[in-house]
Amino acid sequence: MSVFAMSIDTYKVSDFADKKKYINFVLLKFIVVAEKKIVETPLMKQFFEMKKKHPDAIMLYRVGDFYETFSTDAVTASEILGITLTKRANGPGQHIELAGFPHHALDTYLPKLVRAGKRVAICEQLEDPKLTKKLVKRGITELVTPGVAINGNMLDYRENNFLGAVHFGKNACGVAFLDISTGEFLTAEGTIDYIDKLLANFSPKEVLVERSCKKRFDQSFTAKYLTFELDDWMMTGEAAHDRLLKQFETKNLKGFGVDKMHNAIVASGAILFYLDLTQHTQISHITSLARIEEEKFVRLDRFTVRNLELVEPMCEDGKSLLNVIDRTVCPMGARLLRRWTLFPLKSVKQINDRLDVVEHFFKDREGRELIQRQLELVGDMERLVSKVAVGRISPREMVQMKNALNAVAPIKAYCEDADNAVLRSFGEQLNACASIRDRIERELNPDAPNATNRGNVIRTGVNDELDSLREISYSGKDYLLKIQQRESELTGIPSLKVAYNNVFGYYIEVRNTHKDKVPPEWIRKQTLVNAERYVTQELKEYEEKILGAEEKILSLETRLFNDMVAAVATYIPAIQLNASLVARLDCLMSFTRVSIENRYNRPDVNESLDIDIVEEVAPHFLIAKHYGNLALFCRLTKHQSHYFRNSDKRFYAAGFDDEGKSMNPSDEYIPFVPDILYDDDGIGYLCLMQPSWLHTIDDIRHKIDGILATDKKIREHDEYYVGSLRNDIISYELVQHLSLIHISEP
């Protein structure tokens with residue numbers, strides 16, 4: 001140690017391949033220097049051994065009933081958590097910073113550290129301090145990071161908490177996303193531009209990248225992400241492939257449709273390696289890997305999402321599209337609706353399937369109300385089943401799981417009898433898991449607490465030993481009184497009494513005047529001036545029971561509850577499927593409710609490019625302009641609307657007020673399905689394009705700029721909206737010159 005500490009100062013930043021390695025080296029150097037200066041008590045020596053494993057993480061070090069932080073960790077933790085920073089003497093004239101909080105407050109303080117972007121290593125006591133006279137063994141049981149969080153206090157129930165990974169290949173880029181709190185595991189492969197859009201839409205809380213590619217990552221993607229650099233061996237094809245096969249227990253990846261996507265496989269495998277690194281080994285709820293199919297969805301970049309206010313308003317008191325249409329009642333539905341908003345479908349059939357369900361519920365009021373009531377009882381089934389997999393579900397959450405499964409049964413029955421093919425398919429796939437649901441009902445106390453150590457988890461009548469221990473623990477005085485009355489009657493000693501002290505435990509006290517009546521099987525324990533104290537075999541056994549009853553009750557209830565959790569774990573795939581179907585049903589019910597509230601009409605979605613105008617454009621109306629293979633969809637003010645009148649092409653305008661309510665007097669409308677959605681300067685454009693047509697806004701600008709460079713008349717109108725997407729008004733001359741559409745002059 002001392003030789004290393006002496007030689008460590010000979011290195012400088014230029015000796016390292018990248019900045020990350022140098023930072024880790026400096027952190028390690030600090031630890032070594034700290035070890036030299038801080039007196040190495042057994043406790044501090046153990047702390048520094050643990051700290052070396054994760055030098056960039058804040059160490060929560062369990063000491064008795066507290067989690068303590070030391071040195072620079074204490075300074076950082078005190079600032080973030082607002083707890084007192086103290087100093088502890090450490091040798092002559094030395095001290096070490098110290099800050100801590102009670103262990104039961106972990107769920108309160110841990111989320112604050114993670115939200116501050118900190119990685120937190122939790123170092124627990126691995127043995128009972130009462131059973132050892134030496135230093136308690138400790139070990140890091142979990143590394144919590146912004147992208148790997150299961151604790152409900154660290155999560156937004158309406159959003160996923162994705163961990164991302166990016167791998168740069170020779171000709172393509174791979175990306176993967178995992179929400180460990182739900183088990184969703186997604187992957188894709190494509191160009192840097194496509195991966196950039198996926199990162200923007202999934203908004204991962206943390207992104208994994210190869211250490212050698214960190215600079216390239218920062219240069220390739222427009223947004224800034226919290227990143228963690230992995231060793232390059234964790235992002236190799238063979239290692240990633242083997243890790244995925246181990247997780248899914250399959251011989252190949254063909255069943256997931258990703259076997260030919262080398263870069264996507266590498267990114268996906270890297271995520272599983274990271275879970276190993278962070279001590280998250282109980283991940284049986286991650287049962288599949290889904291491919292994100294680029295051709296199925298409209299492509300949205302982050303500027304489009306922002307400027308069209310799809311999920312977040314641009315002003316403080318504004319409303320986004322998601323705010324307007326979200327009437328979901330369970331967290332799973334809210335998360336799915338957000339994803340549907342960011343990944344609009346392109347398939348006319350899939351869109352109409354959704355609309356068919358909405359129309360079905362629109363017409364069936366009783367069915368709609370039935371499903372609504374049941375959805376309100378489901379809760380966050382998706383995250384509850386993930387907690388089952390990692391062994392962190394509480395007794396109260398298990399009661400909620402039972403309630404959710406109870407709610408699934410009537411939903412299944414309704415869907416099976418529905419006259420809609422999609423709903424019937426839902427009904428066939430839903431599984432009420434009756435056997436495990438009934439077991440939870442039969443064994444778990446309906447008022448179970450949040451933690452097993454609070455007791456009263458298991459119902460009476462489930463386990464005879466538990467019932468006996470409870471009777472001893474809860475009715476000890478009554479039991480002793482019964483013994484006293486019985487023995488008094490049997491021996492004829494009216495003054496006999498049963499009592500307890502810390503030295504002899506439970507005993508029977510008999511005055512000297514009656515000691516000749518004492519049965520021979522009683523054992524004399526103590527002689528007093530006026531009395532004798534005895535013990536019986538029954539009292540000995542009772543003493544052993546009552547003194548350890550509470551500990552035994554806790555241990556037995558914990559074991560019975562864990563057995564129940566293990567039984568529920570066998571239903572994880574079925575419950576995950578239930579959660580997925582219920583989430584989809586919740587989204588479709590949300591569409592129904594918002595349609596009723598805001599007077600929306602069902603669109604006739606088809607493959608046609610025809611667009612009809614049915615009403616004159618008014619303030620805040622959305623108007624679609626159809627230019628052959630190109631259609632632009634933009635928001636106009638009343639000052640711009642007069643530019644759009646009768647023409648030799650057909651238009652359609654649909655309007656909405658500030659609350660999202662329809663201002664369209666028409667009974668129906670026919671939208672078109674876009675391939676790509678663009679936006680610039682706060683104006684949205686819905687573009688229909690053939691494969692050989694323009695694919696980026698820059699392509700459109702390039703073509704327009706070329707025309708502007710050769711046509712003086714059009715160039716003079718550049719202060720207007722000449723088609724370069726920089727201003728507000730479409731120039732009559734430019735549109736006519738491009739042969740996109742003929743618009744009569746205003």
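Now for a quick tour of the structure.

The rules behind each value
Residues numbered from 1 in each chain as written. Predicted model: local features only at pLDDT ≥ 70, side-chain atom pairs only at ≥ 80, totals over all residues. Heavy atoms only, no water. Helix = DSSP H or I, 4+ residues; strand = E, 2+ residues; numbered from the N terminus. Contact = heavy atoms within 4.5 Å. Areas by Shrake-Rupley, 256 points an atom, 1.4 Å probe, with all protein chains shown as cover. Buried < 20%, exposed > 50% of the residue type's maximum accessible area, 1.4 Å probe, protein only. Pairing = 2+ DSSP bridges. Axes fitted to C-alpha atoms, helices over the stretch in contact; angles between N-to-C directions. Parallel < 35°, antiparallel > 145°, perpendicular 65-115°, else oblique. Left-handed = near helix turned anticlockwise from the far one by under 90°. Phe/Tyr/Trp six-rings, centres within 6.5 Å; stacked < 30°, edge-to-face > 60°. Expected span 1.5 Å × (residues − 1). Salt bridge = Lys/Arg side-chain N within 4 Å of Asp/Glu carboxyl O. Core = buried A, V, L, I, M, F, W, Y, C linked by side-chain atoms within 4.5 Å.

**Focus on the overall build of the protein chain**
Next up, step 1: Scanning the protein chain for helices and strands turns up 26 helices and 22 strands.
Next up, step 2: In the protein chain, the share of contacts with a sequence separation of at least 24, taken over all contacts with a separation of at least 6, comes to 63%.
Next up, step 3: For the protein chain, the computed accessible surface area is about 36,800 Å², with 50% contributed by carbon and sulfur atoms.

**A word on the pairing of strand 17 (residues 531-535)**
Both faces of the sheet carry side chains from a regular strand, because those side chains alternate between them.
Next up, step 1: Most of strand 17 sits out of view: 5 of its 5 residues are buried.
Next up, step 2: Burial along strand 17 is two-sided: Ala-531, Arg-533 and Val-535 and Glu-532 and Tyr-534, pointing in opposite directions, are all buried.
Next up, step 3: Here strand 15 (residues 505-511) runs beside strand 17; their pairing, made up of 4 bridges, is antiparallel. Bridging across to strand 17, Ile-508 finds its partner in Tyr-534.
Next up, step 4: Strand direction decides the pairing type here: strand 16 (residues 523-527) and strand 17, joined by 4 bridges, are antiparallel. By the bridge assignment, Thr-527 is partnered in strand 17 with Glu-532.
Next up, step 5: Taken together, strand 16 and the strand that follows it, strand 17, pair antiparallel across an intervening segment of 3 residues.

**With respect to the side chain of Asp-73**
Next up, step 1: With respect to the helices, strands and loops of the structure, Asp-73 is situated in helix 4 (residues 71-81).
Next up, step 2: If we skip the residues at most four places from it in the chain, Asp-73 touches Phe-47, Lys-51, Ala-57, Ile-58 and Met-59.

**Overview of the sheet that holds strand 17**
Next up, step 1: The strand order 14-15-17-16 describes an open sheet built from 4 strands, whose pairing is antiparallel. The sheet is open, and its two edges are formed by strand 14 (497-501) and strand 16, each paired on a single side. The mean angle between the axes of side-by-side strands here comes to 40 degrees, regardless of whether they run parallel or antiparallel.
Next up, step 2: Pairing between strand 14 and strand 15: 5 bridges, direction antiparallel. Within strand 15, the residue paired with Asn-501 across the bridge is Gly-505.
Next up, step 3: The sheet strands contacting helix 21 (residues 537-569) are strand 14, strand 15, strand 16 and strand 17, and the helix crosses strand 15 at an angle near 140 degrees.

**Quick look at the packing of helix 16 (residues 395-416) against helix 17 (residues 421-429)**
Next up, step 1: Packing of helix 16 against helix 17 brings their axes to within 7 Å, and their N-to-C directions diverge by 140 degrees. By the criterion of interaxial angle, the relationship of helix 16 to helix 17 is oblique. As for the relative orientation of helix 16 and helix 17, their crossing is left-handed in sense. For the pair helix 16 and helix 17, the contacting residues are Lys-412, Tyr-414, Cys-415 and Glu-416 in the first and Leu-423, Arg-424, Phe-426, Gly-427 and Glu-428 in the second.

**Quick look at the packing of aromatic side chains**
Next up, step 1: Applying the stated criterion across every chain yields a total of 22 aromatic pairs.
Next up, step 2: Arranged with centres 5.9 Å apart and planes meeting at 65 degrees, the rings of Tyr-61 and Phe-70 form a pair that is edge-to-face.
Next up, step 3: Accessibility expressed as a relative area gives 2% for Phe-70, which makes it buried.
Next up, step 4: Measuring from ring centre to ring centre gives 5.9 Å for Trp-522 and Tyr-534, while their planes differ by 50 degrees; the resulting arrangement is tilted.

**What about helix 13 (residues 348-363)?**
Next up, step 1: Across its 16 residues, helix 13 extends 22 Å between first and last C-alpha, which sits within 8% of the 22 Å expected from 1.5 Å per residue.
Next up, step 2: Those residues of helix 13 lying buried are Val-348, Ile-351, Asn-352, Leu-355, Val-357, Val-358, His-360 and Phe-361.

**Looking at the pattern of salt bridges**
Next up, step 1: Per the counting criterion, the structure on display carries 38 salt bridges.
Next up, step 2: With a closest N to O distance of 2.4 Å, Arg-392 and Glu-142 form a salt bridge. Linking Arg-392 in the loop between helix 15 (381-390) and helix 16 with Glu-142 in strand 6 (residues 138-144), this pair joins segments that are 250 residues apart in sequence.
Next up, step 3: In this structure, the salt-bridge partner of Arg-524 is Glu-532, at a minimum N-O distance of 3.9 Å.
Next up, step 4: Given a relative accessible area of 55%, Arg-524 falls into the exposed group.
Next up, step 5: Salt bridges here are not isolated pairs; linked through shared partners, they connect Asp-356, Glu-359, Lys-363 and Arg-602.

**Focus: the nonpolar core**
Next up, step 1: Among the nonpolar cores identified, the biggest contains 92 residues, and Leu-198 and Met-398 are the most heavily contacted of them.
Next up, step 2: If we ignore the near neighbours within four places in the chain, the residues touching Met-398 are Ile-393, Ile-440, Leu-444, Phe-561, Met-564, Val-565 and Val-568.

**Section: the sheet that holds strand 8 (residues 173-179)**
Next up, step 1: With mixed pairing, the 6 strands of this open sheet are ordered in space as 11-10-7-8-9-12. What marks the edges here is a single partner per strand, and that holds for strand 11 (227-230) and strand 12 (290-291).
Next up, step 2: Of the strand pairs in this sheet, strand 7 (residues 163-168) and strand 10 (residues 206-210) are connected by 4 bridges, and their pairing is parallel. Looking at the pairing, Gly-164 lines up with Val-207 of strand 10.
Next up, step 3: Helix-sheet contacts for helix 9 (residues 262-277) involve strand 7, strand 8, strand 9 (184-190), strand 10 and strand 11, and the interaxial angle to strand 8 is about 40 degrees.

**Regarding the pairing of strand 15**
Next up, step 1: Of all 7 residues that make up strand 15, 6 are buried, and the element is covered over most of its length.
Next up, step 2: Two successive antiparallel strands, strand 14 and strand 15, enclose a turn made up of 3 residues.

**Overview of helix 5 (residues 106-115)**
Next up, step 1: Among all positions of helix 5, only Leu-106, Tyr-109, Leu-110, Pro-111, Leu-113 and Val-114 are buried.
Next up, step 2: Against strand 1 (58-63), strand 2 (66-70), helix 4, strand 4 (95-102), strand 5 (120-125) and strand 6 lie the buried residues of helix 5.
Next up, step 3: Of the residues trailing helix 5, Gly-117 is marked for its positive phi of about 85 degrees.

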